[in-house]
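# A closer look at the structure
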Amino acid sequence: MTDMVSSPSRTIDIEELGFDRGAHLLIKRALSGGAVGERLGIRGRDAALAVHLRAWCRSQGHEIIWPEMPPAEAATTESSPLIAWVVRGSAPEVRWRGAEQAGLPDSLVQGAVNDHPPATWGLAARGARVEAGGPEFFFGLNSKEQVWAEGIPRLYAQAAAAQWNPATAIDWGEPFELAPEIESAVVQVMTYLIENENAALLVPARFIAQIHPHFREVMQLLAIQVADEARHVEVFTRRALLRGSELGFSTVGGQASLKTLLDEPDFTLASFLLSVLGEGTFLNLLWFLQQHGPDPVTRRVAQLAAQDEARHVAFGMGHLQYQISKDGTTLGRLAAAVDRRHEALAHTAGLNEEVFDALILLAAGDWSPDAIAKGFSEVQRLKQEMDADRQARLIRLGFPADEAAGLSALHTRNFM
Ligand SMILES: [Fe+2]
Ligand SMILES: [Fe+2]
């Protein structure tokens, strides 16, 4: 192809290329360089070029002028015959008139993320030019304040980099011997963990679909969080079934506690109850299992899950800190959510006795009175650490110390 500039009009030679094989791309490109009303000569040798060019120009709003000389005579030794002159119309400009740029791709650039992206930006990439007149999408979480967290691109990058493969990250065949009752205690704890992981998977999954995709990093981060929980469900199930085929008990108190998380319709309140209080408390539990787990597989799955949970807590904290900075009523709403949940669960037992006893047994390691006493005090210490860490997070969010202590004490006895 050769571009020939013959002032005042330009010509383009598309040689053998026809509209059946992409000729419009070259013509469009040549036209885009000119102004409305400018002439572009089209040279080419495809037999159907004139017919196709006429139809294409009509569809694109360009005028066509046929040369006075027959095409065969318009050919020179170096170039193809001149088929027609195309006079550039204004339709392409009209089409993109009113198009809006949907922010900027890089959220670290000031103003890249819109506080209230329009519904018509819909699924468009952040930073795209969005043609006017598109469909309106409904996204319930459509303001930055509702979902954002400072530093979220970094949190997403960390989450993407930290994915692990359950098949290879754990040595499932590592040999160990456990007394049957200790193995049962492990299975009971795993059974309990799995139902908590189910809740931790479903709560963010239900919110993802409500988030305006303009808040790309939040959507992506929560998608990875859901994938993390899917792996946790898998590895806890595999550990439970490693030496047998039966799972332990699921209790009314445990399920009632988790149901209040699924029933919370507000994203910020759900993040607070699930990620800051629930997953925060679970971090202590997983560290406990990493330390006191009676076999290497249990210790390893707890360690891997804890690494992921730390990120879930970090996003929950980041989001709440962002929202608190934007809305002065947030702390009051968070406190009210803890009270409401406590009221709703007041009649339930909280952590099931089977799980509590299993944790003591894991930390004890055997049935001697001394060992049981040691296991019991380890579990008491676990509960104290959970409480202390919850209070520390609440204080970081801005609660006064006495209120933080009061709210932490009202947290569900189910831990999550
Ligand atoms: Fe998890
Ligand atoms: Fe989690």
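Since this is a predicted model, take the numbers as computed values, not measurements.

### A look at helix 16 (residues 401-410)
Along helix 16, the positions that sit buried rather than exposed are Ala404, Leu407 and Ser408. Each buried residue of helix 16 lies within a common arc of 100° when the element is viewed along its axis, so the set occupies one face. Of the exposed residues in helix 16, those oriented more than 90 degrees away from the buried face are Asp402 and Ala409. On its buried face, helix 16 sits against helix 13 (330-345) and helix 15 (369-397).

### Comments concerning the confidence of the model for the protein chain
When the pLDDT values of the protein chain are averaged, the result is 93; 96% of them are 70 or greater. Ranking the helices and strands of the protein chain by mean pLDDT puts helix 9 (residues 216-240) first, with 98, and strand 1 (residues 2-6) last, with 43.

### Regarding the coordination of the iron ion (ligand 2)
Bound to the iron ion (ligand 2) are the protein donor atoms Glu229 (OE), Glu279 (OE), Glu309 (OE), Glu309 (OE) and His312 (ND1), situated 1.9 to 2.7 Å from the metal. In primary-sequence terms, the residues that donate to the iron ion (ligand 2) follow E-x49-E-x29-E-x2-H.

### Remarks on the coordination of the iron ion (ligand 1)
Looking at the iron ion (ligand 1), one finds its protein donor set to be Glu197 (OE), Glu197 (OE), Glu229 (OE), His232 (ND1) and Glu309 (OE), positioned 1.9 to 2.8 Å from the metal centre. Sequence positions of the donors to the iron ion (ligand 1) reduce to the motif E-x31-E-x2-H-x76-E. A spacing of 3.5 Å is found between the iron ion (ligand 1) and the iron ion (ligand 2), which share Glu229 as a donor. Residue Glu197 is located in helix 8 (residues 180-208), and its partner Glu229 is located in helix 9; the two are separated by 32 residues in the primary sequence. Grouping residues by exposure puts Glu197 and Glu229 together as buried.

### Some words on the pairing of strand 2 (residues 9-13)
Most of strand 2 sits inside the fold, with four of its five residues counted as buried. Two strands pair when backbone bridges link them, and strand 2 and strand 3 (residues 39-43) are joined in this way by four bridges, in the parallel orientation. If you follow Ile12 over to strand 3, its bridge partner there is Ile42. In the classification by handedness, the crossover that spans strand 2, the intervening helix 1 (residues 23-32) and the parallel strand 3 is right-handed.

### What to know about the pattern of salt bridges
Between side chains of opposite charge, pairing is possible as soon as their charged atoms come close. Across all of its chains, the model carries 18 salt bridges by this definition. The salt bridge involving Asp387 is made with Arg390; its shortest N-O contact spans 3.9 Å. In this pair, Asp387 and Arg390 are both assigned in helix 15, three residues apart and thus about one turn of the helix distant. For Asp387, a relative accessible area of 25% translates into the label partly exposed. Connected through salt bridges with shared partners, the residues Asp228, Arg231, Asp308 and Arg311 form a single ionic network.

### Considering the packing of helix 8 against helix 11 (residues 267-292)
As a packed pair, helix 8 and helix 11 sit with axes 11 Å apart at the nearest point and diverge in direction by 150°. Viewed along their axes, helix 8 and helix 11 adopt a mutual orientation that is roughly antiparallel. Where helix 8 crosses over helix 11, the two elements pack in a sense that is left-handed. Touching Val189, Tyr192, Leu193, Asn196, Ala200, Val203, Pro204 and Phe207 of helix 8 are Phe267, Ala270, Leu274, Glu279, Phe282, Leu285 and Leu289, all from helix 11.

### Digging into the packing of aromatic side chains
According to the stated counting rule, one finds six aromatic pairs in the structure shown. Seen in terms of ring centroids, Phe19 and Trp56 are 5.9 Å apart; in terms of plane orientation they differ by 50°. Their pairing is tilted. A residue pair is termed long-range when its members are at least 10 positions apart, and Phe19 in the loop between strand 2 and helix 1 and Trp56 in helix 2 (residues 49-60) qualify at 37 residues. Phe19 gets classed as buried once you look at its relative accessible area, which sits at 17%. Judged by centre distance (5.2 Å) and plane angle (70°), the ring pair of Phe207 and Phe267 falls under edge-to-face. On the criterion of sequence distance, the pair formed by Phe207 in helix 8 and Phe267 in helix 11 is long-range, its members being 60 residues apart.

### Observations regarding the nonpolar core
Phe272, Leu285 and Leu359 are the most contacted members of the largest nonpolar core, which totals 89 residues. Contact partners of Leu285, with chain neighbours within four places excluded, come to Tyr192, Leu193, Leu359, Leu382, Met386 and Phe415. Judged by nonpolar contacts, the second largest core, of 17 residues, contains Ile14, Ala30, Leu31 and Val86.

### Here we look at the side chain of Thr268
Tracing the sequence through the fold places Thr268 in helix 11. There is a polar contact of 2.6 Å between the side chain of Thr268 and the side chain of Gln323. Residues within four places of Thr268 in sequence aside, it is in contact with Gln146, His319, Leu320, Gln323, Thr330 and Leu334.

### Details of a negative patch on the surface
Residues Asp339, Glu343, Asp402 and Glu403 make up a contiguous surface patch of negative charge. Elements represented by at least two residues in the negative patch include exactly helix 13 and helix 16.

### Brief notes about the packing of helix 12 (residues 296-326) against helix 15
Viewed as axis vectors pointing N to C, helix 12 and helix 15 meet at an angle of 30°, and their least axial separation amounts to 10 Å. Classified by the angle their axes make, helix 12 and helix 15 are roughly parallel. Packed against helix 12, whose contacting residues are Val313, Met317, Leu320, Gln321 and Ile324, the element helix 15 presents Arg393, Arg396 and Leu397 at the interface. Per-class residue counts for the contact of helix 12 with helix 15 are five nonpolar, one polar and two charged.

How each quantity is defined
- Residues numbered from 1 in each chain as written.
- Chains lettered and ligands numbered in written order.
- Predicted model: local features only at pLDDT ≥ 70, side-chain atom pairs only at ≥ 80, totals over all residues.
- Heavy atoms only, no water.
- Buried < 20%, exposed > 50% of the residue type's maximum accessible area, 1.4 Å probe, protein only.
- Helix = DSSP H or I, 4+ residues; strand = E, 2+ residues; numbered from the N terminus.
- Arc of directions from axis to C-beta.
- Contact = heavy atoms within 4.5 Å.
- pLDDT = per-residue confidence, 0-100.
- Donors = N, O, S within 2.8 Å, 3.2 Å for Na, K, Ca; no water.
- Pairing = 2+ DSSP bridges.
- Right-handed = clockwise from strand over helix to strand, strands pointing away.
- Salt bridge = Lys/Arg side-chain N within 4 Å of Asp/Glu carboxyl O.
- Axes fitted to C-alpha atoms, helices over the stretch in contact; angles between N-to-C directions.
- Parallel < 35°, antiparallel > 145°, perpendicular 65-115°, else oblique.
- Left-handed = near helix turned anticlockwise from the far one by under 90°.
- Phe/Tyr/Trp six-rings, centres within 6.5 Å; stacked < 30°, edge-to-face > 60°.
- Core = buried A, V, L, I, M, F, W, Y, C linked by side-chain atoms within 4.5 Å.
- Polar contact = N/O pair within 3.5 Å; in protein donor to acceptor, adjacent residues only side chain to side chain.
- Patch = residues over 30% accessible without salt bridge, like charges linked within 9 Å, V, L, I, M, F, W, Y side chains within 5 Å.
- Areas by Shrake-Rupley, 256 points an atom, 1.4 Å probe, with all protein chains shown as cover.
- Lys, Arg positive; Asp, Glu negative; His and termini not counted.
- Charge placed at Lys NZ, Arg CZ, Asp CG, Glu CD.
- Nonpolar A, V, L, I, M, F, W, Y, C, P; charged D, E, K, R; others polar.

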